Amino acid sequence: MKKKLSLPVQILIALLAGIVVGLICFFAGGADFVTNYLRPFGTIFVNLLKFIVVPVVLLSLIDGVISMGDMKKVGSVGWKTMAYFLATTALACVIGLVFASIFKNAGLFPTLQLAEGVTWDKATTANFMDTLVGIFPTNMWESFTTSNMLQVIVIALMLGAGILAAGEKAKAIQDVVGSAYAVIEKVMAFIIKLSPIGVFAMITWVVATQGAAILGSLALVILCAYLAYAVHIIVVYSFSVKAFAGMSPVTFFKGAAAATLFAFTSTSSAATLPVSKECAENLGVDKDIVSFVIPLGCTINMDGTAIYQSVATVFLATCVGMNLTLGQMITVVVTATLASIGTAGVSGAGMIMLAMVLTSVGVPVDMIMIIYGVDRIFDMGRTALNVTGDISCAVCVNQWEKAKAARKAKA
Ligand code: ASP
């Protein structure tokens, strides 16, 4: 009986085959052939990413806002959890940007000579006030058709808030959003399933046109992301569990290890959910808190994804010869935080949302082709981080709730 190869194995084979074919074409002078006949398959993939990003952002954020409404029911646990998630994710973006800037300023990220016929519109550096005004839409449909992601975010947040405010009357719309989001998630899963073809086409084209040197650059951007992942996991989570829960970081990492490793290999926070729950319970977190924090975390708390999106944005901006201004960096922090919230806990979803961050600062989405081939390697680390972050949150919220109960008992 023939056994079907699993997706990770297919992706690995596509990656290696693409590198080999790309190198052969580079040395044998077949770059034009690859650009004309193989790159279009990569373009199809990027087109699909562009097509899906507006509905995903819109629906996932509206859905997110609606679930925050339920949070009122869960009271203080809800707000503490949200505050922890948002603070650590924003911090993750900053850490990602710091590492990426260090690599960029040390000349470790390349500015690419892009193949002929491939043009990117260079982003202009808009001033802060113009950017601020530009965030607010004048026409909803125009924001959608031009994929103006900052405006789409504002629209999603306002519609979400409107739905909550309308209460019972908006019940039908709530259900429509939930069910449309489920459909879009399926479409996204379908696009991700086809990714081995995209990986092969894109890595072959990148290597055939840029030569072996691009492999070194890709290795460096992966190294940069992993260094940022490591700092976040070691510094931020050690600090938070120690400071807020009085737990030794060694105990925490030992307790969370099974989930961290499972996430690393599965690249899906959603698939890791049962393991994460067990780890959190073994670390002494109350069952009620586990069953609130961990499922919510695996849908909206993605520190690793935020780091990846920040690093990838700086890398790809450098590739097209763009320098991000301070204002654009702030935009990256805001959009990557929101993008990671909107990222589904499944393999490869973070790259789809990267399209949103890139658009928000004017980096051409087509540049995703450069790093598409090696996304799996980024994904392993970012998912491990995402899941560990959820468990650290559960540990801290548990302690805050315990302290609150003790204060109440005293009073
Ligand atoms: N694979 C990640 C997760 O499940 C999401 C991502 O692609 O960033 O947490």
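Report follows, based on the coordinates. Keep in mind that what you see is a predicted model, and the values were worked out from it rather than measured.

**Here we look at the pattern of salt bridges**
Part 1 of the reasoning: Within this structure, the stated rule accounts for five salt bridges.
Part 2 of the reasoning: As a salt-bridge pair, Glu 401 and Lys 80 come within 2.6 Å of each other at their nearest N and O atoms. Of this pair, Glu 401 sits in helix 17 (residues 375–410) while Lys 80 sits in helix 3 (residues 76–105), and the two are 321 residues apart along the sequence.
Part 3 of the reasoning: In this structure Glu 401 comes out as buried when scored by relative accessible area, which is 17%.
Part 4 of the reasoning: Residue Asp 375 pairs with Arg 382 through a salt bridge whose shortest N-O separation is 3.1 Å.

**Examining a nonpolar patch on the surface**
Part 1 of the reasoning: On the surface, Phe 41, Ile 44, Phe 190, Leu 194 and Ile 197 cluster together to form a nonpolar patch covering roughly 480 Å² of accessible area.
Part 2 of the reasoning: With respect to the helices, strands and loops of the structure, Ile 197 is situated in helix 8 (residues 195–210).
Part 3 of the reasoning: Residue Ile 197 is classed as partly exposed on the basis of its relative accessible area, which comes to 49%.

**Overview of the environment of Phe 253**
Part 1 of the reasoning: Tracing the backbone through its elements, the reader meets Phe 253 in helix 10 (residues 249–266).
Part 2 of the reasoning: Here the alpha-carbon distance between Phe 253 and Val 94, two residues 159 residues apart in the chain, equals 23 Å.
Part 3 of the reasoning: Beyond its immediate sequence surroundings of up to four residues, Phe 253 is in contact with Ile 233, Ile 234, Tyr 237, Ser 238 and Thr 388.

**Side note on the site of the ligand**
Part 1 of the reasoning: Taken together, 17 residues lie near the ligand, and Ser 269, Thr 305, Gly 350, Asp 379 and Arg 382 sit nearest.
Part 2 of the reasoning: Contact distances for the ligand include 3.1 Å between a nitrogen atom and a side-chain N or O atom of Thr 383.
Part 3 of the reasoning: Considering the ligand on its own, with 270 Å² of exposed area, one finds that the protein chains cover 100% of that surface.
Part 4 of the reasoning: Of all the elements in the fold, those that place two or more residues in the shell around the ligand are helix 15 (349–361) and helix 17.
Part 5 of the reasoning: The greatest single-element share of the shell around the ligand, amounting to four residues, is contributed by helix 17.

**Section: helix 11 (residues 269–282)**
Part 1 of the reasoning: Compared with an ideal rise of 1.5 Å per residue, which puts 14 residues at 20 Å, helix 11 spans 19 Å between its outermost C-alpha atoms and is within 8% of the ideal.
Part 2 of the reasoning: At Val 275, helix 11 shows its maximal bend, which comes to roughly 40°.
Part 3 of the reasoning: At its buried positions, helix 11 is contacted by helix 10, helix 12 (287–300) and helix 17.
Part 4 of the reasoning: The N-cap residue of helix 11 is Ser 268: its side-chain oxygen and the backbone nitrogen of Ala 270 are 3.4 Å apart.

Reading the values: rules and limits
Residues numbered from 1 in each chain as written. Predicted model: local features only at pLDDT ≥ 70, side-chain atom pairs only at ≥ 80, totals over all residues. Heavy atoms only, no water. Salt bridge = Lys/Arg side-chain N within 4 Å of Asp/Glu carboxyl O. Helix = DSSP H or I, 4+ residues; strand = E, 2+ residues; numbered from the N terminus. Buried < 20%, exposed > 50% of the residue type's maximum accessible area, 1.4 Å probe, protein only. Patch = residues over 30% accessible without salt bridge, like charges linked within 9 Å, V, L, I, M, F, W, Y side chains within 5 Å. Areas by Shrake-Rupley, 256 points an atom, 1.4 Å probe, with all protein chains shown as cover. Contact = heavy atoms within 4.5 Å. Near = heavy atom within 4 Å. Polar contact = N/O pair within 3.5 Å; in protein donor to acceptor, adjacent residues only side chain to side chain. Expected span 1.5 Å × (residues − 1). Bend = angle between axes of the 7 residues up to and from the residue.

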